[in-house]
Amino acid sequence: MPRRRFAGRPAAVIVAFVFAALLAACSPPQLFHQEAYVFGTRVDLTVYGESNERAADAMGAVLQEFDRLHHAYHAWQPSELTALNEAIASGKAAVVSDELAAMLADAQRLSATGDGLFNPAMGGLIALWGFHSDEFVPRLPDAGALQSIVEARPRMSDLVITGNRVESRNPMVQLDLGGYAKGYALDRAIAILKDKGIGNALVNIGGNVMALGKKGDVPWRLGLQHPRAPRPLATLPLYDGEAIGTSGDYQRYFELNGYRYSHLLDPRTGGPAHESQSVTVLVMPRDGAGTLSDAASKPAFIAGDNWREYTRRFGIDHALRVTADGRIEVTRELRARLQFPSDPPPITVVD
């Protein structure tokens, strides 16, 4: 019997105010929490040590920005990005916003670093597999159509970006920033929170997490989702300015005839990558840490046993992989930060 997994609620921001102040027995500071659905996934915002009014104002501004980004760069609903895709498909150039031009240039650089395994130009493949939807059905794509896209090899290097003018050497390029936008949104959220005077917060967009400050006298702490069980695989502290991102086959996928097909597609074959269950990268504080945490996990996931080569290319020393058969491979640096349950699966420490 086919099984399906859904991506979440429709992506317009549906704010669930959960301004529950978790007070200590006698005094502030307070912990404020707010949830929403955007980018086809759940968003969690947490602010520590501020007044209700300041926390509400800051989190409202962040969610407003998320809503703007979602509508501006949606891959299959009318947006600036779909207008650009229409121009590319018809062999025309388009003039885009400063922001989109900068995002595309950055994504182009990140794609080159990862040998094109991070490939926002393969939106056609994603659509063919049915993942260009908030609800998708368990069915395989037409083999001929899939092969046509694979042979056309749409890549970010096909884009020619001259100022705000964007065109493509390859009309099969169809841009989908789904593997980039969540990380970019993390960076935007932290910038907005700082601008609002917030010093301590945690932003979680569907498992891509970035920390600002700390939670009182201790760092923020979070769990890494187990790819095959409803519990954390491990927990770790997250310090100011650090960002963590995970690519896994358990978020957007369907099962058909006992086989799992995830949205993490290998542009070389046109099909889902299948050698890993998940890959997590922890990025130290740097400009664009959130964006990098989103993009850099994709090549490592797709590369399978060669995952460590790709995390090194992005300058990432803290990383973990769960293999297809459930084994854990973790770098020495990240292993020192992780706390596993008392009965973890086999763990291999790598350099």
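Asks: I tried to follow the pairing of strand β3 (residues 31-38) on my own but got confused; where do I start?
Replies: Here β3 pairs with strand β4 (residues 41-48) via 8 bridges, running antiparallel. Paired with Y37 across the bridge in β4 is R42. In textbook terms, the turn of a hairpin is the stretch between consecutive antiparallel strands, and for β3 and β4 this stretch comprises 2 residues, one of which, F39, has a positive phi near 55°.

Asks: Looking at this structure, I do not really get the packing of aromatic side chains. What am I missing?
Replies: What describes a pair of aromatic rings is the distance from one ring centre to the other and the angle between the planes of the rings. Evaluated as defined, the whole model comprises 6 aromatic pairs. Ring geometry for F39 against F66: centres 5.7 Å apart, planes inclined by 55°, an arrangement best described as tilted. A residue pair is termed long-range when its members are at least 10 positions apart, and F39 in the loop between β3 and β4 and F66 in helix α1 (residues 52-72) qualify at 27 residues. Clustering of aromatic rings is evident, with ring pairs tying together W129, F131, F254, Y259 and Y261. A cation sits over an aromatic face here: R260 above Y253, 4.2 Å from the ring centre.

Asks: Just to check I follow, could you spell out the pattern of salt bridges for this structure?
Replies: Side chains bearing opposite charge may pair, as long as their charged atoms lie close to each other. Applying the stated rule across the entire model yields 23 salt bridges. Residue R260 is joined to E255 by a salt bridge in which the shortest nitrogen-to-oxygen separation is 3.4 Å. Among the residues examined, E255 registers a relative accessible area of 16% and is labelled buried. Here R321 makes a salt bridge to D305, at a shortest N to O gap of 2.9 Å. A residue pair is termed long-range when its members are at least 10 positions apart, and R321 in strand β16 (residues 318-323) and D305 in the loop between α8 (297-303) and α9 (307-313) qualify at 16 residues. Take D305: its relative accessible area is 60%, and that puts it in the exposed class.

Asks: What is the right way to look at the side chain of D176 in this model?
Replies: Tracing the chain through its elements places D176 in the loop between β7 (165-168) and α6 (181-195). Although D176 lies buried, it forms no salt bridge, and the closest oppositely charged side chain, R252, sits 7.5 Å away as judged by the N-O distance. In terms of polar contacts, D176 uses its side chain to reach the backbone amide nitrogen of G178, at 2.8 Å.

Asks: What's the story with helix α3 (residues 98-113) in this structure? I'm lost.
Replies: Note on helix geometry: an α-helix contains 3.6 residues per turn, so any two residues three or four positions apart are oriented the same way. Compared with the 22 Å implied by 1.5 Å per residue over 16 residues, the 23 Å span of α3 between its first and last C-alpha is a close match. Every buried residue of α3 is accounted for by E99, L100, A101, M103, L104, A107, L110 and S111. Packing partners of the buried residues in α3 comprise α1, α2 (80-89), β6 (159-162), β7, α6 and α7 (289-295). Looking at the residues trailing α3, positive phi occurs at D115, about 55°.

Asks: Help me out: how do you make sense of the sheet that holds strand β5 (residues 94-95) in this one?
Replies: Where strands meet in a sheet, backbone hydrogen bonds hold them as pairs that are either parallel or antiparallel. Here 3 strands make up an open sheet; going across it, the order is β5-β7-β6 and the pairing antiparallel. Only two strands of the sheet have a single partner each, and these edge strands are β5 and β6. Bridging between β6 and β7 involves 4 bridges; their strand directions are antiparallel. Counted as the bridge partner of L159 is S168 from β7. Across the sheet, α3 lies against β6 and β7, angled at about 135° from β6, the strand it touches most.

The rules behind these values
Residues numbered from 1 in each chain as written. Predicted model: local features only at pLDDT ≥ 70, side-chain atom pairs only at ≥ 80, totals over all residues. Heavy atoms only, no water. Pairing = 2+ DSSP bridges. Helix = DSSP H or I, 4+ residues; strand = E, 2+ residues; numbered from the N terminus. Phe/Tyr/Trp six-rings, centres within 6.5 Å; stacked < 30°, edge-to-face > 60°. Lys NZ or Arg CZ within 6 Å of the ring centre and 35° of its normal. Salt bridge = Lys/Arg side-chain N within 4 Å of Asp/Glu carboxyl O. Buried < 20%, exposed > 50% of the residue type's maximum accessible area, 1.4 Å probe, protein only. Lys, Arg positive; Asp, Glu negative; His and termini not counted. Polar contact = N/O pair within 3.5 Å; in protein donor to acceptor, adjacent residues only side chain to side chain. Expected span 1.5 Å × (residues − 1). Contact = heavy atoms within 4.5 Å. Axes fitted to C-alpha atoms, helices over the stretch in contact; angles between N-to-C directions.

By themselves, these observations are geometric and do not establish any function.
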